[in-house]
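Observations on the model geometry
In case you want the letters, here they are:
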Amino acid sequence: MMITNRTLPRRTVLRGLGASLALPLLDGMVPAFAAARSAAARPVRRFGAIYVPNGVEMRAWTPPGPDDAISTPLELTPVLEPLAPVRERVNILTGLADKVAIPREGEGVGDHARAASTWLTGVHVKKTEGADIRAGVSMDQIAARALGQETQLASLELAIDSVEVLGACDQGYSCAYANTIAWRTPTTPLPMENNPRAVFERLFGATDSTDVKARLARLRQDRSILDFVTDEARGLRRTLGAGDRLKLTQYLDAVRDVERRIRMAEAQSDRELPVVEQPVGIPDTFEQHCRLMFDLLLLAYQTDLTRVSTFMFGREVSGRSFPEIGVPGGHHGYSHHQNDPENLAMLARINTHHIRQLGYFLERMQATPDGDGSLLDHSLFVYGSGISDGNLHFHLDLPTLLAGGAAGSVAGGRHLRYPSDTPLTNLHVAVLDKLGLPVESFGDSTGTLGYLSEV
């Protein structure tokens, strides 16, 4: 880090013609050695929860190794192989359970709705198809209440599946339970956003008018938001050191690339698609959509617009097919594999495709400087599902991955084995502690999860 006597406010933005663009952390925002030491000692910590529906093929997911060892070096299975470039920042956790998702006497079916709604809340939800839904406050919102006091957005909720209430929901359960993993209060689920354009406008602004014609005109504009702030960007560059000029250029190039991809997706939105019609602004393939949304999330973290996010690769009972990777049938159908080798192979292929997108995001986080480290060094991400074996709707021995260093408080590159039926919420208690937000208990927790720093 270069230490200067010149200071730039941490919240410096570029402005022009009503448009504004937040900046990443630059060396010039740390004016003195003492401040630099303070920033290094207390880096900004960020959190994200990433959910996959329908469980996974656990035999292809779980790393090998002796069952009696608490910690062993992480050996990547074929499903996890895309994480090789960030392996030292990843832990696989086994033995965790979401027992509050198990049906109580008389409740019957509904495992998918319960899996999603309990994954971050740790609270058994009320079975209802009406408006009287009840779950619990999700742990991401516990973090958002504290970390969001210093950011423009308390949290960001992103999804890949449509946010419209389409298709079947679990019998006897409101669709609200399956459509989100984020709950601000026990009765207030937070809607997920799957349209990149809407996310971009939330981060960087849009037209002041809510008139439909005005908004459509704004969407059709060929000019970039960066064109509105060009003069101010040029002026700022002249005041920066060589390292900061490079950071600023790379950041602005990333913003422009995201804009270009959104415009391309919108321009192609009238194409006839082979499976379903996609809304305007959503790319044709799952991979393109995921990566665009992850790039937007990266920009949100990089500019400190938010420090907390949730991300759903799909809603529970998702029947999405993946013909681009040779998976012609629906995800949910393959998850009910009945131990058929072909179904298991297809499910493992879907799981690998998900991990490939996660790997893309984590690599970009690792490559993005943040103070004396990278965004991944200072962040913590929980990835997993409220179901392990989808064929049995099994809520024990969940597939759980922890990524990031949490500013030096979490070690990586390990397979950590916990006693069977250890509450998943023990992990949530531990994660909140690593974020500097200690709680005595959460949901059905019985304590905290040890060994995240070292064994």
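Below you will find a few notes about this structure. (Residues numbered from 1 in each chain as written. Predicted model: local features only at pLDDT ≥ 70, side-chain atom pairs only at ≥ 80, totals over all residues. Heavy atoms only, no water.)

**Structural notes on the overall build of the protein**
Quick reminder of the rule: Starting at the N terminus, helices and strands are each numbered in turn, a helix being any DSSP run of H or I of at least four residues and a strand any DSSP run of E of at least two. We call a residue buried when its accessible area falls under 20% of the maximum for its residue type, exposed when it is over 50%, and partly exposed in between, using a 1.4 Å probe and counting protein chains only. Note on areas: Shrake-Rupley, 1.4 Å probe, and residue coverage restricted to the protein chains presented here.
Helices and strands together make up the secondary structure of the protein, namely 14 helices and 14 strands. Burial statistics for the protein: of 455 residues in total, 56% are counted as buried. Carbon together with sulfur atoms contributes 51% to the accessible area of the protein, which is approximately 19,000 Å² in total.

**A short note on the pairing of strand E9 (residues 308-312)**
To keep things clear, this is the line we draw: DSSP-based pairing: two strands are paired if at least 2 bridges between them are found.
Of all 5 residues making up E9, 5 are buried, and the element is well covered by its neighbours. Judged by which residues are buried, E9 turns out to be covered on both faces: Val308, Thr310 and Met312 on one side and Ser309 and Phe311 on the other are all buried. Bridging between strand E3 (residues 46-51) and E9 involves 5 bridges; their strand directions are parallel. Residue glycine 48 lies in a different strand from E9, and its bridge partner there is serine 309. The pairing of strand E6 (residues 156-159) with E9 spans 4 bridges and is parallel.

**Remarks on the packing of helix H6 (residues 196-204) against helix H11 (residues 286-302)**
Here is the rule: Geometry is summarised by axes, namely lines fitted to C-alpha atoms with helices restricted to the contacting stretch, and by angles between N-to-C directions that run from 0 to 180 degrees. Orientation labels follow simple angle bins: below 35 degrees gives roughly parallel, above 145 gives roughly antiparallel, 65 to 115 gives roughly perpendicular, and whatever is left gives oblique. Here, residues are in contact when the closest pair of their heavy atoms is within 4.5 Å. Classes in brief: Ala, Val, Leu, Ile, Met, Phe, Trp, Tyr, Cys and Pro nonpolar; Asp, Glu, Lys and Arg charged; the others, Gly included, polar.
Packing of H6 against H11 leaves a shortest axis separation of 10 Å and a crossing angle of 5°. In terms of orientation, H6 lies roughly parallel with respect to H11. Contact residues: H6 offers Pro196, Val199, Phe200, Leu203 and Phe204, while H11 offers His289, Leu292, Met293, Leu296, Leu299 and Ala300. Broken down by class, the residue content of the contact of H6 with H11 amounts to 10 nonpolar, 1 polar and no charged.

**Observations concerning unusual backbone geometry**
Positive phi, normally seen in glycine, also occurs at aspartate 304, with a value near 60°. Within the secondary structure layout, aspartate 304 lies in the loop between H11 and E9. Here aspartate 304 falls in the buried class, since its relative accessible area comes to 2%. Residues other than glycine seldom take positive phi values, yet glutamine 338 does so here, at roughly 55°.

**Here's the deal with the packing of aromatic side chains**
Within a pair of aromatic rings, the relevant descriptors are the distance that separates the centres and the angle that separates the planes. Short version of the rule: Aromatic pairing here means that ring centres of Phe, Tyr or Trp (its six-membered ring) are within 6.5 Å. Orientation follows from the plane angle: under 30 degrees is stacked, over 60 is edge-to-face, and everything else is tilted.
Across all of its chains, the model carries 14 aromatic pairs by this definition. Relative to phenylalanine 361, the ring of phenylalanine 294 has its centre 4.6 Å away and its plane inclined at 15°; by these criteria the two rings are stacked. Remark: phenylalanine 361 occurs in helix H13 (residues 341-367) and phenylalanine 294 occurs in helix H11; sequence separation between them is 67 residues. Phenylalanine 361 matches phenylalanine 294 in its accessibility class, with the two residues each being buried. Site record: aromatic cluster; members linked through ring pairs are Trp61, Phe286, Phe294, Tyr301, Phe311, Phe313, Phe322, Phe361, Phe381 and Tyr383.

**Here we look at the pattern of salt bridges**
Note the threshold: For this analysis, a salt bridge means a side-chain nitrogen from Lys or Arg found within 4 Å of a carboxyl oxygen belonging to Asp or Glu.
Counted under the stated rule, the structure contains 11 salt bridges. Among the ionic pairs, aspartate 377 bridges to arginine 89, the shortest N-O distance being 3.1 Å. Residue aspartate 377 is found in the loop between strand E11 (373-374) and strand E12 (379-384), and its partner arginine 89 is found in the loop between strand E4 (71-73) and strand E5 (90-97); the two are separated by 288 residues along the sequence. Between arginine 364 and aspartate 295 there is a salt bridge, and its shortest N-O distance comes to 2.7 Å. Linking arginine 364 in helix H13 with aspartate 295 in helix H11, this pair joins segments that are 69 residues apart in sequence. Each of Glu150, Asp304 and Arg307 takes part in a single network of salt bridges with overlapping partners.

**As for the sheet that holds E3**
The strand order across the open sheet built from 8 strands is E4-E14-E5-E13-E12-E3-E9-E6, with neighbouring strands paired in mixed fashion. Edge positions in the open sheet fall to E4 and E6, since each of these has one partner strand only. Between one strand and the next, the sheet's axes are offset by a mean angle of 20°, whatever the strand orientation. Most of the contacts of helix H14 (residues 424-434) go to strand E14 (residues 414-423), to which it runs at about 125°, and overall it touches E3, E5, E12, strand E13 (400-403) and E14.

**Focus on the side chain of glutamate 107**
Take glutamate 107: it is sitting in the loop between E5 and helix H3 (111-118). For glutamate 107, the residues in contact, after removing those within four places along its chain, are Arg114, His124, Val125, Lys127 and Tyr173.

**Things to note about the packing of H11 against H13**
Condition: Crossings are sorted by hand: turned counterclockwise from the far helix by less than a right angle, the near helix makes the crossing left-handed, and turned clockwise it makes it right-handed.
Contact geometry of H11 with H13 gives a least axis separation of 10 Å together with a crossing angle of 30°. Our classification of the angle between H11 and H13 gives roughly parallel. Of the two possible hands of crossing, H11 and H13 adopt the one that is right-handed. Contacts between H11 and H13 involve Phe286, Glu287, Cys290, Arg291, Phe294, Asp295, Leu297, Leu298 and Tyr301 from the first element and His353, His354, Arg356, Gln357, Leu358, Tyr360, Phe361, Arg364 and Met365 from the second. Taken together, the residues of the contact of H11 with H13 sort by class into 10 nonpolar, 3 polar and 5 charged.

**Focus on H11**
Test applied: Helices are assigned an expected span. That span is 1.5 Å times one less than the residue count.
Taking 1.5 Å of rise per residue, 17 residues should cover 24 Å, and H11 covers 24 Å from first to last C-alpha, within 8% of that figure. Judged by how many residues are buried, H11 sits mostly within the fold: 14 of 17 residues are covered. Of the residues trailing H11, aspartate 304 is marked for its positive phi of about 60°.

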